[in-house]
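Observations on the model geometry
Listed below, chain by chain, are the residues.
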Amino acid sequence: MTSELDLEQAREQLVMINPQPYNAEAPPGALDSDITPTREHYVRSNFALPTHDGTLTVDGSVDRPLSLTSADLRALPAVERAVTLECAGNGRLDTRPLPTGEPWGGYAVSTAVWRGARLSDVLAEARPRADGVEVRFTGADSGTYHLTPVLPESGETLTFVRSLALTHAADPASDILIAYDMNGEPLGPDHGSPFRLIVPHWFAVASVKWLQSIDVLTQPFRGEFQTGHYVYEWPDRPHEPVTYMRVRARITDPAPAAVIPAGTCTVRGKAWSGTGPIAAVEVSLAGAGEWQPAEVDEPTGPHHWQTWTFQWEATPGRHSLRARATDAVGNVQPDVPPWNRLGYGNNAIEVQYVDVI
Ligand SMILES: Nc1nc2c(c(=O)[nH]1)N[C@H]1C(S)=C(S)[C@@H](COP(=O)(O)O)O[C@H]1N2
Ligand SMILES: [Mo]
């Protein structure tokens, strides 16, 4: 068991957004490194920390229902993957009018190395039947939930449940993990101990923590966290479920409002997208127009943010830096946040002021 003190220590480097349920952003420096140290990895939980009985059941439309312990999962072939997780609400604070939901700034994004069993191996062992269409993932956490701003609490007890298409879940190429280690150590309570799902490329809502049961369904799943929340409610077009992370670049260096000497300055940052590797990052130094190409490093893994740099001959004065990423399928960041009622997927181009003296 984790003591209160351990939990406090695990949280001390984070920037708290909400004490209960505990939600916290990564400190800005966390975006500098390729892999985010565990203590700097953002935390997003919809409910209080649950207790978990240590078993994972696999059931529903399968020929061989399973009940697995951590030891059973560790006995399966292990894979290790660096995966960038971003909360769909990251950047909500910059959208107007401000939607309800946790007021995330720009640091609900991190990259850790996850080790676990392949979901496809576990499903293969359970043998889904031909009538299976989706796989449902149930977390051990539950509680009352703020459903609308008008009715602060529904009074209804909800559990965190999500689903994926069976074809996606059962495909080894999807690289979906049932992870038990994070950055070389057993998962901590805030990140879903004893095991959690890790779904590369998807906004992190798909990566169910404290995973308790997996069920193969013969009908599409409907639930608060699948068809209620985590849906883009666009004002002018049909609603869409939140799926892949949207293409985005962040500037990590120089820091916002930095004062730097004139001369050569390396502008640096991270870029990621759930719909393909980053094909280009462009930088603008005048706040408008005139984009110049940055150098984008090759991805160091398939599921993981990329570093970009731009050599800038900085001249005295105030400059507004912008960075704009495009991914391999041609998605590019918009100038203004794509407003939707619950404030998901804000990947608007950021503007940052720097004074050169
Ligand atoms: N069981 C459960 N899993 C969950 C959540 C949750 O509230 N309960 N939150 C999801 C959301 S919205 C995000 S962004 C990620 C955050 O993962 P992290 O806390 O490890 O960064 O977990 C996802 N998995
Ligand atoms: Mo999230």
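Residues numbered from 1 in each chain as written. Chains lettered and ligands numbered in written order. Predicted model: local features only at pLDDT ≥ 70, side-chain atom pairs only at ≥ 80, totals over all residues. Heavy atoms only, no water.

What about the pairing of strand β18 (residues 278-284)?
Pairing between β18 and strand β22 (residues 317-327): 6 bridges, direction antiparallel. Bridged to A280 within β22 is T326. (Pairing = 2+ DSSP bridges. Helix = DSSP H or I, 4+ residues; strand = E, 2+ residues; numbered from the N terminus.)

Some thoughts on empty space enclosed by the protein
A complete count under the given rule lists 1 cavity of 30 Å³ or more for this structure. When its volume is computed, the largest cavity comes out at roughly 260 Å³. Lining the largest cavity are 20 residues, and of these R44, R196, A204, S207 and K209 lie nearest its centre. A class-by-class count of the residues in the lining of the largest cavity yields 11 nonpolar, 5 polar and 4 charged. (1 Å grid on protein atoms, 1.4 Å probe; cavity = no way out; pocket = protein on both sides within 12 Å on 5 of 7 lines; lining within 4 Å. Points joined across faces, edges and corners; volume = space filled by probe spheres on them. Nonpolar A, V, L, I, M, F, W, Y, C, P; charged D, E, K, R; others polar.)

Quick notes on the nonpolar core
Membership of the largest hydrophobic core comes to 51 residues, with the highest contact counts inside it found for L73, L119, F137, I178, L197, L211 and I214. Counting residues domain by domain, this core receives three or more from each of domain 1 (4-241) and domain 2 (248-356). Among residues more than four places away in sequence, those in contact with L197 are L119, F137, I176, L177, I178, A206, S207, V208 and L211. Counting residues in each nonpolar core, the second largest holds 22 residues, with I260, V267, W312 and A323 among its members. (Core = buried A, V, L, I, M, F, W, Y, C linked by side-chain atoms within 4.5 Å. Buried < 20%, exposed > 50% of the residue type's maximum accessible area, 1.4 Å probe, protein only. Domains from an automatic or database assignment. Contact = heavy atoms within 4.5 Å.)

A look at the site of ligand 1
As a matter of local geometry, ligand 1 sits amid 20 residues, with Y42, D141, H191, R196 and K209 nearest to it. With respect to ligand 1, the backbone of S207 contributes an N or O atom lying 3.0 Å from a nitrogen atom. (Near = heavy atom within 4 Å. Polar contact = N/O pair within 3.5 Å; in protein donor to acceptor, adjacent residues only side chain to side chain.)

Some points on the pattern of salt bridges
Applying the stated criterion across every chain yields a total of 17 salt bridges. R324 is the partner of E282 in a salt bridge, and the nearest nitrogen-oxygen pair spans 3.1 Å. Of the two residues, E282 is situated in strand β18 and R324 in strand β22; the sequence distance between them amounts to 42 residues. The class for R324 is partly exposed, based on a relative accessible area of 21%. Residue R322 is joined to D335 by a salt bridge in which the shortest nitrogen-to-oxygen separation is 3.8 Å. (Salt bridge = Lys/Arg side-chain N within 4 Å of Asp/Glu carboxyl O.)

Comments concerning unusual backbone geometry
Of all residues except glycine, most have a negative phi; of all peptide bonds, most are trans. Backbone torsion omega between S193 and P194 reads 5°, so that peptide bond is classified as cis. Here P194 is to be found in the loop between β10 (185-186) and β11 (196-198). Of note, the bond from D253 into P254 is cis; its omega dihedral lies within 30 degrees of zero at -5°. Within the secondary structure, P254 sits in the loop between β15 (248-253) and β16 (259-260). Located in the positive-phi region is R127, a residue other than glycine, with phi close to 55°.

Examining helix α3 (residues 119-126)
Restricting attention to buried positions, one finds in α3 the residues L119, S120, V122, L123 and A126. Down the axis of α3, the buried side of the element spans an arc of 160°, and every buried residue falls inside it. Phi turns positive one or two residues past the end of α3, at R127, with a value near 55°. (Arc of directions from axis to C-beta.)

Concerning the packing of aromatic side chains
Across all of its chains, the model carries 8 aromatic pairs by this definition. Note on Y42 and W104: the rings are 6.3 Å apart at their centroids and 85° apart in plane angle, and the pair reads as edge-to-face. Of this pair, Y42 sits in the loop between β2 (22-25) and β3 (55-60) while W104 sits in the loop between β5 (78-86) and β6 (109-118), and the two are 62 residues apart along the sequence. The two residues Y42 and W104 agree in class, both being buried. Residues Y232 and W234 carry aromatic rings whose centres are separated by 4.9 Å and whose planes lie at 10° to one another, so their mutual orientation is stacked. Summarising the burial analysis for this pair, Y232 and W234 share the class buried. Through a chain of ring-to-ring contacts, three or more aromatic side chains come together here, namely F47, F160, F225, Y230 and Y344. Here R237 stacks its cationic end above the ring of W234, 4.0 Å away from the centre of that ring. Above the ring of Y232, the side-chain terminus of R246 is found at 5.7 Å from the ring centroid. (Phe/Tyr/Trp six-rings, centres within 6.5 Å; stacked < 30°, edge-to-face > 60°. Lys NZ or Arg CZ within 6 Å of the ring centre and 35° of its normal.)

Thoughts on the side chain of N347
Secondary-structure assignment places N347 in the loop between β22 and β23 (351-356). At a separation of 2.9 Å, a polar atom in the side chain of N347 contacts the main-chain carbonyl oxygen of V247. If near-sequence neighbours (up to four positions away) are discounted, N347 is found in contact with R246, V247, R248, Q333, P334 and P338.

Regarding the domain arrangement of the protein
You can read the domains of the protein as domain 1 (4-241) and domain 2 (248-356). On a C-alpha basis, the centroid separation for the pair domain 1 and domain 2 is 28 Å. With 40 residues of domain 1 at the interface, the matching set in domain 2 holds 21 residues. Across the interface of domain 1 and domain 2, roughly 2900 Å² is buried in total on both sides, 53% from carbon and sulfur atoms. Per-residue buried area on domain 1 facing domain 2 is highest for L31, H201 and E233; these three make up 20% of the total on that side. One salt bridge connects E233 with R341, and the closest N-O pair in it is separated by 2.7 Å. Counting across the interface, domain 1 meets domain 2 through 21 residue pairs in polar contact (both at pLDDT 80 or more). Put simply, the parts of the chain that give the side of domain 1 that touches domain 2 at least two residues each are β5, β6 and β13 (231-232). For the side of domain 1 that touches domain 2, the leading source of residues is β5, giving 5 residues. (Buried area = accessible area lost by both parts, 1.4 Å probe.)

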